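Coordinate inspection notes
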Amino acid sequence: MKVLREVSAASLSRARELVGELSHDGLVGTLSEMEFLKARLQLRGVHVHVER
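Description of the structure in this document. (Residues numbered from 1 in each chain as written. Predicted model: local features only at pLDDT ≥ 70, side-chain atom pairs only at ≥ 80, totals over all residues. Heavy atoms only, no water.)

**Some points on a nonpolar patch on the surface**
On the surface, M1, L12 and V19 cluster together into a nonpolar patch covering about 220 Å² of accessible area. Mapped onto the secondary structure, V19 falls in helix α2 (residues 12-24). Among the residues examined, V19 registers a relative accessible area of 30% and is labelled partly exposed. (Patch = residues over 30% accessible without salt bridge, like charges linked within 9 Å, V, L, I, M, F, W, Y side chains within 5 Å. Areas by Shrake-Rupley, 256 points an atom, 1.4 Å probe, with all protein chains shown as cover. Salt bridge = Lys/Arg side-chain N within 4 Å of Asp/Glu carboxyl O. Helix = DSSP H or I, 4+ residues; strand = E, 2+ residues; numbered from the N terminus. Buried < 20%, exposed > 50% of the residue type's maximum accessible area, 1.4 Å probe, protein only.)

Below, the structure written as structure tokens:
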């Protein structure tokens, strides 16, 4: 949640929603946005896969 809050300036409740989306269906965004998020999550040891 911390990464999502840092990246998107989301509130705590919105970050929880984003974590739910990310862990189920995934998030949708531009390739640049998703690659940036992937890099930040991987720094914290989270395995991430980005699809086009």
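**Some points on unusual backbone geometry**
Backbone geometry places A9, a non-glycine residue, at a positive phi of 55°. By the secondary structure assignment, A9 is in the loop between α1 (2-8) and α2. Look at A9 and you get exposed, because its relative accessible area is 67%.

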